There are 2 protein chains.
Amino acid sequence: MTFLTHIQSIIPVSEELRDALHNITLIKTVKKGQLLIRAGEYCHDIYFVESGLLRGFYYQEEKEITNWFAREGEFATSFYAYITKATSTETIEALEDCELLQLPYTNLQQLYTRFPETERLGRILTENYYVKLEGRLLGLQFTTAKERYDNLVKQNGPLVLRAPLGQIASYLGITQETLSRIRAKQ
Amino acid sequence: MTFLTHIQSIIPVSEELRDALHNITLIKTVKKGQLLIRAGEYCHDIYFVESGLLRGFYYQEEKEITNWFAREGEFATSFYAYITKATSTETIEALEDCELLQLPYTNLQQLYTRFPETERLGRILTENYYVKLEGRLLGLQFTTAKERYDNLVKQNGPLVLRAPLGQIASYLGITQETLSRIRAKQ
DNA sequence: GCGGTTATTTGACTTATATCAAATTCCAAT
DNA sequence: ATTGGAATTTGATATAAGTCAAATAACCGC
């Protein structure tokens with residue numbers, strides 16, 4: 001799924017807008033293990049994942065807590081830091097070699113001004129992410145660790161094979177020992 | 001905090017836009033205990049709370065789970081249902097007598113089209129709600145029941161006095177017995 | 001392929017919070 | 001003020017998941 005296809009599924013893209021989108025984005029390739037943003041830095045960019053897998057995590061008393069995964073066709077950024085212009089508490093790491101499109105903040109703001117229809121794009125993307133997040137919150141609050149894992153597998157099957165156990169466990173809000181035991185019982 | 005003041009703190013409001021905002025919103029007063037949307041219905045409106053207190057909740061095995069509270073100066077809707085046009089799983093209830101501004105979906109869509117700068121408004125409001133929700137998710141995942149309650153009191157002090165214990169407990173993801181015990185220890 | 005690091009599994013024990021049940025307090029309508 | 005029902009508190013017990021520690025297993029660079 002390319003960037004343009006993804007955008008076109010949300011708003012109509014004119015010739016002009018297509019050129020603009022092309023001009024304001026940068027192609028970025030990163031190797032497995034590389035960091036895109038470190039905790040404490042400012043977050044100037046949104047990334048669109050063309051291929052590969054990223055994760056966002058932060059430190060909670062020495063431990064890494066994975067906050068999200070982003071696969072092909074998804075956007076990734078330290079959302080809070082990007083929106084509020086505060087320093088990021090998150091670190092973003094490539095879990096695999098990735099091909100990314102980088103969308104710098106100032107370019108995006110110019111895009112919003114020059115093509116007001118892209119405000120809609122921003123709004124709809126944010127709405128979609130909100131709805132997803134809300135679903136996750138409810139799951140966290142009212143399902144057992146096993147149910148959460150089963151749901152993740154159902155919705156995100158292959159992801160489970162691509163990311164290490166400890167990262168998936170912290171994403172689900174459980175320890176890796178607990179996740180290991182859940183897996184052991186089939 | 002009036003609706004207009006709130007909007008003006010986010011985007012500049014022209015004479016024209018102000019009139020439009022006035023024309024597309026309806027004043028609605030509801031009495032304590034009244035329901036604005038029931039689970040299973042479609043959600044056609046966003047409400048802005050001029051005064052009073054609302055909550056959104058849904059049923060989880062016979063029990064009511066409070067999903068959010070909305071006070072003066074905040075927006076309220078069954079977000080998922082409003083965005084996706086699916087039927088709502090949430091019920092919205094007035095916890096106090098309320099004065100609301102009602103913003104019907106079709107009117108809002110027309111506003112977006114007629115005043116493209118309002119797309120920015122929609123985007124920014126959604127972004128803000130996303131950031132809030134993310135904070136809540138992290139809290140839920142990595143703090144104890146007591147810490148979550150203390151944070152709620154810190155951030156939302158008076159709310160705690162306005163809503164009944166059971167509703168606050170389910171919002172925090174704990175049972176009312178646990179919340180009662182937390183309160184008992186100061 | 002070998003050695004060393006890192007990730008995962010397994011075990012024993014602890015703890016926060018849930019559950020079920022009963023007692024008490026609060027409050028609104030008469 | 002009195003009363004009945006709801007909300008809250010308190011108590012006893014159960015349980016899911018955490019913690020700490022050690023044993024395996026998987027992976028990576030040489």
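Everything that follows concerns the structure shown earlier in this document.
Residues numbered from 1 in each chain as written. Chains lettered and ligands numbered in written order. Predicted model: local features only at pLDDT ≥ 70, side-chain atom pairs only at ≥ 80, totals over all residues. Heavy atoms only, no water.

K.L.:
So what's going on with the overall build of chain A? Which residues, and what values?
P.N.:
Counting its regular elements, chain A contains 9 helices and 8 strands. In terms of overall size, chain A behaves like a compact globule, its C-alpha atoms giving a radius of gyration of 17 Å where 186 residues would be expected to give roughly 16 Å. For chain A, the spread of C-alpha atoms along the three principal axes comes to 55 × 30 × 30 Å. Relative to all contacts within chain A whose residues are 6 or more apart in sequence, the contacts with residues 24 or more apart total 69%. Charged side chains in chain A number 21 positive and 23 negative. The centres of these two groups are separated by 6 Å. (Helix = DSSP H or I, 4+ residues; strand = E, 2+ residues; numbered from the N terminus. Rg over C-alpha atoms; globule rule 2.2 N^0.38 Å. Contact = heavy atoms within 4.5 Å. Lys, Arg positive; Asp, Glu negative; His and termini not counted. Charge placed at Lys NZ, Arg CZ, Asp CG, Glu CD.)

K.L.:
Would you mind going over the side chain of E134 of chain B in detail, with residue names and values included?
P.N.:
The residue E134 of chain B is located in helix α5 (residues 117-142) in this model. Put simply, E134 of chain B is tucked away with no salt bridge, and the nearest opposite charge, on R136 of chain A, sits 6.7 Å away. Aside from chain neighbours lying at most four places away, what touches E134 of chain B is N67, Y80 and L133 of chain A. (Buried < 20%, exposed > 50% of the residue type's maximum accessible area, 1.4 Å probe, protein only. Salt bridge = Lys/Arg side-chain N within 4 Å of Asp/Glu carboxyl O.)

K.L.:
Outline the pattern of salt bridges, listing residues and values.
P.N.:
According to the stated counting rule, one finds 20 salt bridges over all chains in the structure shown. Measuring nitrogen to oxygen at the nearest pair gives 3.0 Å for the salt bridge that ties R162 of chain A to E72 of chain A. Taken together, the residues R162 of chain A in helix α7 (residues 159-162) and E72 of chain A in the loop between β5 (63-70) and β6 (75-76) connect sequence positions 90 residues apart. Take E72 of chain A: its relative accessible area is 36%, and that puts it in the partly exposed class. The partner of E93 of chain B in a salt bridge is R55 of chain B, with the nearest N and O atoms 2.8 Å apart. Remark: R55 of chain B occurs in strand β4 (residues 54-60) and E93 of chain B occurs in strand β7 (residues 91-94); sequence separation between them is 38 residues. Linked by salt bridges that have partners in common, R55, E64 and E93 of chain A make up one network.

K.L.:
So what's going on with the interface of chain A and chain B? Which residues, and what values?
P.N.:
Listed by partner, the interface residues are 32 residues for chain A and 32 residues for chain B. Note on chain A versus chain B: buried area summed over both sides is about 3,300 Å², and carbon and sulfur give 66% of it. It is R123, Y130 and L137 of chain A that lose the most area in chain A upon contact with chain B, and together they represent 20% of the buried surface on that side. Summed over the shared surface of chain A and chain B, the result is 2 salt bridges. In this structure, R120 of chain B and E119 of chain A form a salt bridge, with 2.7 Å as the shortest nitrogen-oxygen distance. Counting across the chain A and chain B interface gives 2 residue pairs in polar contact (both at pLDDT 80 or more). When contributions to the side of chain A that touches chain B are tallied by element, the ones reaching two or more residues are β4 (54-60), β5, α3 (79-84), α4 (105-114), α5 (117-142) and α8 (165-172) of chain A. Considering each element in turn, the side of chain A that touches chain B owes the most residues, 17 residues, to α5 of chain A. Of the residues that constitute the side of chain A that touches chain B, the class distribution is 17 nonpolar, 9 polar and 6 charged. (Buried area = accessible area lost by both parts, 1.4 Å probe. Polar contact = N/O pair within 3.5 Å; in protein donor to acceptor, adjacent residues only side chain to side chain. Nonpolar A, V, L, I, M, F, W, Y, C, P; charged D, E, K, R; others polar.)

K.L.:
Tell me about the environment of R162 of chain B, and please be specific about residues and values.
P.N.:
Residue and element names in this part refer to chain B. For R162, a relative accessible area of 26% corresponds to the partly exposed category. Along the primary structure R162 and G52 are separated by 110 residues, whereas in three dimensions their C-alpha atoms are 9.9 Å apart. Not counting chain neighbours up to four residues away, the residues in contact with R162 comprise G52, L53, R71, E72 and E96. Within the structure, R162 has its side chain in polar contact with the backbone oxygen of G52 (distance 3.2 Å). Of the polar contacts made by the side chain of R162, one reaches the side chain of E72; its length is 3.0 Å.

K.L.:
Outline the environment of L137 of chain B, listing residues and values.
P.N.:
Positionally, L137 of chain B belongs in helix α5. Judged by its relative accessible area of 1%, L137 of chain B falls in the buried class. Filtering out sequence-adjacent residues up to four positions away, L137 of chain B remains in contact with L133, R136, L137 and L140 of chain A.

K.L.:
Tell me what's going on with helix α6 (residues 145-156) of chain A, and back it up with residues and numbers.
P.N.:
Helical periodicity: at 3.6 residues per turn, an α-helix aligns residues three or four positions apart in one direction. Residues and elements named next belong to chain A. Over its 12 residues, α6 runs 16 Å from end to end, which matches the ideal 16 Å to within 8%, given 1.5 Å per residue. Inspection of α6 places A145, R148, Y149, L152 and N156 among the buried residues, and these make up the whole buried set. Burial along α6 is one-sided: seen end-on, the buried residues are contained in an arc of 100°. Buried positions along α6 lie against α5, α7, α8 and α9 (176-184). (Expected span 1.5 Å × (residues − 1). Arc of directions from axis to C-beta.)

K.L.:
Residue-level account of the sheet that holds strand β6 (residues 75-76) of chain B, with values.
P.N.:
All names here are of chain B. Strand order across the open sheet formed by 4 strands is β1-β8-β3-β6, with antiparallel pairing between neighbours. A single partner strand is all that each edge strand has here, and the edge strands are β1 (26-30) and β6. Sheet topology places β1 next to strand β8 (residues 98-104); 5 bridges connect them, and they run antiparallel. Following the sheet pairing, T29 is matched in β8 by E99. The strands touched by helix α4 (residues 105-114) within the sheet are β3 (45-51) and β8, with β8 carrying the most contacts at an inclination of about 60°. (Pairing = 2+ DSSP bridges. Axes fitted to C-alpha atoms, helices over the stretch in contact; angles between N-to-C directions.)

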